[in-house]
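A closer look at the structure
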Amino acid sequence: MKNVMTDIKNHVLTGISYMIPLVIAGAVIMAISRVGASFMGITDIWDVSHYKAGGLEAFLYTIDGFGGTALGLMFPVISAFIAYSVADKLGIAPGLIGGMLVKNLNAGFLGALASGLIAGYVCKLIRDRIKLPKSMESIVPVFLVPVFGSLITLLLVQYVIGTPFASLNVGLEKWLNGLSGGNQIIMAAIVGAMVGFDLGGPVNKAAVTTAMALLTSGIYAPNTAAQVAIIIPPIGLGLATVIAKKKYNTEMRESGKSAIIMGLVGVSEGAIPFAVESPLKVIPVNVIGSAIGSAMAVGLGAVNQAPISGFYGWFTVQNWPIYVASIAVGVAFIAITTAILRNPDAGKIESSVVDDSFDEDEWNA
């Protein structure tokens, strides 16, 4: 059972890895349009009236549509590549088709995950179980798998998982849209804590990808919380090596420089060497610091509509001074707390802790 769950997790993470560039491309293109429109005093550039106005308004409306088209491929793509991970290229067509049905049914991110797994395992079953004479073997991958793999996937999505997942998705959207005040701050803190927990691992990816998926429904608070939390740990831990320089050996100080740079461009994995070296101290501090920054950003009204955490996207955020200040507060908490908790004698140990024990693939697994 454990091996099955590990396989499913790996298939889902494969689908997510193929989906993320698509989401970033679509959301950034859309953000470019909306930032440009904001300079013209337009807050609803997606409304068709702007296309009818012609000129720059029509152009920005079109660009916003390009971003929406890319985001609309999110569910088919993640479904297709989960199926690809399970059944190789035979799963792509049924996975794509199943993902499109999920999109049409509004069954959401979880529906797309289920669609990909269904398509992949159905195609794998057909490929492995149906044995034909050698002269007819080519029929299996060319005809039987795409036709019956797609049909079975569509039937299961339509009549088994579609309605419950659609209801779950609508309920989640209503709940998130209904959050305000303290409840929204708590939600942001939870998302931030999850993102800061394992730095690119399964818990982090679950929070980040769910937040990204909600962008298609116009729900931005989880994404705002996630993007803030992604960069706080690496910058905070890197800064700790600066303010408590004597408590870190040469190797960890070099890791600190890299962590700051990686944090600024939106890569949370820069904090992993510190978490591996001293997990009982570093991980709780990361979780709390990320939660503080995320809760502050959302609670004070910052809105990040794009899945961009790096510094190059900060100034496209609504209420960006609050957004940047929230990052700074989370970073300061981690840097100061880590520096205080750090063993004063740790800097005297020059042996490589990270190189001997750190395996990024194992961490992310």
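Now for a quick tour of the structure. In this numbering scheme, every chain counts its residues from 1 along its sequence in written order. Reporting of local features is limited, given that this is a predicted model, to residues whose pLDDT is at least 70; pairs of side-chain atoms are given and counted only at 80 or more, and all residues count toward the totals for whole chains, interfaces and linings. Think of the side-chain values as coming from all heavy atoms in the structure, minus any hydrogens and water.

So, the overall build of the protein chain
Rules: Secondary structure elements are taken from DSSP: a helix is a run of H or I of four residues or more, a strand is a run of E of two residues or more, and numbering for both begins at the N terminus. For a compact globule the rule gives 2.2 Å times the number of residues to the power 0.38, and the radius of gyration it is set against comes from C-alpha atoms. Residue exposure (1.4 Å probe, protein chains only): buried if accessible area is under 20% of the type maximum, exposed if over 50%, otherwise partly exposed. Contact criterion: two residues are considered in contact whenever any of their non-hydrogen atoms come within 4.5 Å of each other. For every accessible area listed, the method is Shrake-Rupley and the probe measures 1.4 Å; residues are considered covered only by the protein chains on display. Charged residues are defined here as Lys and Arg on the positive side and Asp and Glu on the negative side; His and the ends of the chain fall outside this count. Taken as the charge location is NZ of Lys, CZ of Arg, CG of Asp or CD of Glu.
For the protein chain, the helix and strand inventory stands at 16 helices and zero strands. Scaling as 2.2 N^0.38, a compact globule of 365 residues should have a C-alpha radius of gyration of about 21 Å, and the protein chain matches this with 23 Å. Referenced to the eigenvectors of the C-alpha coordinate spread, the extents of the protein chain come out at roughly 70 × 60 × 35 Å. For the protein chain, the proportion of its 365 residues judged to be buried stands at 47%. Intrachain contacts of the protein chain at a sequence separation of at least 6 include 75% that bridge at least 24 residues. Within the structure as shown, the protein chain displays about 17,000 Å² of accessible surface, and the carbon and sulfur contribution to it stands at 68%. Looking at the protein chain, you have 21 positive and 22 negative side-chain charges, and the mean spots of the two groups are 3 Å apart.

Examining the nonpolar core
As a rule of thumb, nonpolar side chains are buried together in soluble globular proteins. Rules: Residues enter a nonpolar core if they are buried and are Ala, Val, Leu, Ile, Met, Phe, Trp, Tyr or Cys, with the set joined through side-chain atoms within 4.5 Å.
With 76 residues, the main nonpolar core has Ile78, Val195 and Ile327 as its most contacted residues. Ranked by residue count, the leading element in this core is helix H10 (residues 221-243), at 11 residues. Sequence-distant contacts of Ile327, defined by excluding residues within four places in its chain, comprise Val228, Ile231, Ile232 and Trp314.

Topic: unusual backbone geometry
Despite not being glycine, Asp88 has its phi angle at roughly 65°, a positive value. Structurally, the position occupied by Asp88 is in the loop between helix H4 (74-87) and helix H5 (92-105). A relative accessible area of 42% places Asp88 in the partly exposed class. Here Asn319, not a glycine, exhibits a phi torsion of approximately 60°, which is positive. Assignment of secondary structure puts Asn319 in the loop between helix H13 (279-299) and helix H14 (320-341). By relative accessible area, Asn319 is classed as partly exposed at 42%.

Some thoughts on the packing of helix H1 (residues 2-39) against helix H3 (residues 55-72)
To be explicit about the condition: Here an axis means a line fitted to C-alpha atoms, over the contact stretch when the element is a helix, while the angle between two N-to-C directions is reported on a 0 to 180 degree scale. Here the word oblique covers every angle except those under 35 degrees (roughly parallel), over 145 (roughly antiparallel) and from 65 to 115 (roughly perpendicular). Crossings are sorted by hand: turned counterclockwise from the far helix by less than a right angle, the near helix makes the crossing left-handed, and turned clockwise it makes it right-handed. Side-chain classes follow a simple rule in which Ala, Val, Leu, Ile, Met, Phe, Trp, Tyr, Cys and Pro form the nonpolar group, Asp, Glu, Lys and Arg form the charged group, and the remainder, Gly included, forms the polar group.
Close contact between H1 and H3 brings their axes to 7 Å; oriented N to C, the two are set at 160°. Regarding the angle of H1 to H3, the classification is roughly antiparallel. Crossing of H1 against H3: the hand is left-handed. Judged by residue contacts, Leu22, Val23, Gly26, Ala27, Ile29, Met30, Ser33, Arg34, Gly36 and Ala37 of H1 engage Leu60, Ile63, Asp64, Phe66, Gly67, Gly68, Ala70 and Leu71 from H3. Considering only residue class, the contact of H1 with H3 consists of 11 nonpolar, five polar and two charged.

With respect to the pattern of salt bridges
Opposite charge on two side chains makes pairing possible when the charged atoms of those side chains draw close. Stated precisely, the cut-off is as follows: When a carboxyl oxygen of Asp or Glu is within 4 Å of a side-chain nitrogen of Lys or Arg, the pair counts as a salt bridge.
The tally for this structure, following the rule as stated, stands at five salt bridges. For the salt bridge of Lys257 with Glu254, the shortest nitrogen-to-oxygen distance reads 3.2 Å. You can see Lys257 and its partner Glu254 sitting in helix H11 (residues 250-264), three residues apart, about one turn around the helix. The class of Glu254 is partly exposed, set by a relative accessible area of 42%.

Quick word on the packing of aromatic side chains
Two descriptors summarise a pair of aromatic rings, namely the distance from one centre to the other and the angle between the planes of the rings. Basically, it comes down to this: Working definition: rings of Phe, Tyr and Trp (its six-membered ring) pair if their centres are within 6.5 Å, and the pair is stacked with planes under 30 degrees apart, edge-to-face with planes over 60 apart, and tilted otherwise.
One pass over the full model with this rule turns up seven aromatic pairs. On the basis of an interplanar angle of 80° and a centroid distance of 6.5 Å, the ring pair of Phe143 and Phe148 is categorised as edge-to-face.

Some details on the side chain of Asn304
Our working rule: Polar contacts here mean pairs of N or O atoms no more than 3.5 Å apart (in protein, one a potential hydrogen donor and the other a potential acceptor; neighbouring residues in sequence count only if both atoms are side-chain atoms).
Structurally, Asn304 can be placed in the loop between H13 and H14. Within the structure, the side chain of Asn304 is placed 3.1 Å from the backbone oxygen of Ile308, a separation counted as a polar contact. Those residues in contact with Asn304 that sit more than four places away from it in its chain are Leu215, Tyr220, Asn223, Thr224, Gln227, Val317 and Tyr323.

Some remarks on helix H8 (residues 182-198)
Convention followed: By this rule, a helix spans an expected 1.5 Å times one less than how many residues it contains.
An ideal rise of 1.5 Å per residue puts 24 Å on 17 residues; H8 measures up with 26 Å between its terminal C-alpha atoms. What H8 keeps buried is the set Met187, Ala188, Val191, Gly192, Ala193, Val195, Gly196 and Asp198. In the segment just after H8, Leu199 is the residue with positive phi, at about 50°.

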